[in-house]
Amino acid sequence: FFRSANDAMVIIIGWVMHLAPLGVFAMILPVVYSTGADLFVNLGKYFVTVLAGLAFHMFVTLPCLLRLVFGVSPLAHFKSMRPALLLALSSASPSGTLPVTMRCVEQDSGVSKRVTGFTLPLGSTVNTDGTALYECVAVMFVAQVMGVDLSFAGQFFVVTAALLTSIGVAGIPSASLVAILLILKSSGIPGAETAVVALLAVDRLLDMSRTAVNVFGDSCVAVIVAKTEGETLKV
């Protein structure tokens, strides 16, 4: 019975995924009609802002932490993490990338299985720094587009909510859009559903990028924990 029910659900989900582009088009068409080309200009600015923030965190913040504080070579660690980062970019799923991440950190970076077995599975759920950054920018973007002026307290709530919801976001593609919708609803920003649909237009590339940041951040934590434990690393 359960196998048949599972097969039926897989078929139904396949139908939904095939119809999803048509549904997104139908939902976003009235928004484009009312706002005109300005919507695409604003989406372009939002897209560049998210990529710039993710790139700064991945190529400046984390490498500086590794080199200046713990004496680990960021370049060597980047090289050891190439298979995991490529898989993260292609799959947009940190949970699906976890086995490759563990292999890269153990075999190429030299972290013990004891450390990777604890830090990486926990980090794939809890340490989603790229997702938290993305959610903050997305909510602020929607607020600006909708003409809502968030106070300092409102912005602090958005940051806190993004940090908390990023912990519980599932490790599957586009799962953070659900958290963004919850934050928008909690912040009292109107048109939350329409805004999330508009974000879908550029979400795939951003999803791939923030997943790579999440995976690299998890690997950096594993290396840092191993370093503080006195282990001899290859990086």
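You'll find the structure just up there.
Basis of the calculations
- Residues numbered from 1 in each chain as written.
- Predicted model: local features only at pLDDT ≥ 70, side-chain atom pairs only at ≥ 80, totals over all residues.
- Heavy atoms only, no water.
- Helix = DSSP H or I, 4+ residues; strand = E, 2+ residues; numbered from the N terminus.
- Buried < 20%, exposed > 50% of the residue type's maximum accessible area, 1.4 Å probe, protein only.
- Contact = heavy atoms within 4.5 Å.
- Salt bridge = Lys/Arg side-chain N within 4 Å of Asp/Glu carboxyl O.
- Core = buried A, V, L, I, M, F, W, Y, C linked by side-chain atoms within 4.5 Å.

(A) The arrangement of the environment of Lys113 in detail. Take Lys113: it is sitting in helix α6 (residues 113-126). Taking relative accessible area as the criterion, Lys113 reaches 66% and is therefore assigned exposed. With 11 residues separating them along the chain, Lys113 and Met102 place their C-alpha atoms 8.3 Å apart.

(B) Spatial organisation of the side chain of Thr101. Tracing the backbone through its elements, the reader meets Thr101 in helix α5 (residues 94-108). Residue Thr101 is classed as buried on the basis of its relative accessible area of 3%. If sequence neighbours within four positions are ignored, Thr101 has contacts with Met81, Ala84, Leu120 and Val215.

(C) Highlighting the pattern of salt bridges. This structure, assessed with the given rule, holds 4 salt bridges. Salt-bridge contacts for Arg114 lead to Glu229; the nearest nitrogen and oxygen are separated by 3.7 Å. With Arg114 in helix α6 and Glu229 in the segment after α10 (192-228), this pair connects stretches of sequence that are 115 residues apart. Taking the relative accessible area as the measure of exposure, Arg114 reaches 57% and is therefore exposed. By relative accessible area, which is 47% here, Glu229 ends up partly exposed. When the shortest N-O distance is used, the salt bridge between Asp207 and Arg210 registers 3.3 Å. Here Asp207 pairs with Arg210, and both are found in helix α10, just 3 residues apart, close to one helical turn. Here Asp207 matches Arg210 in class, with each residue buried. One salt-bridge network, in which partners are shared between bridges, spans Arg114, Glu229 and Glu231.

(D) Spotlight on the nonpolar core. In terms of nonpolar packing, the biggest core is built from 54 residues, with Tyr46, Ile180, Leu184 and Leu199 touching the most fellow members. Of all elements in the fold, only α2 (38-70), α4 (82-91), α5, α6, α7 (129-145), α8 (152-168), α9 (176-187) and α10 reach the threshold of two or more residues within this core. Looking at this core element by element, the count peaks at 15 residues for α10. If we ignore the near neighbours within four places in the chain, the residues touching Leu199 are Leu43, Tyr46, Ala138, Phe141, Val142, Leu177 and Ile180.

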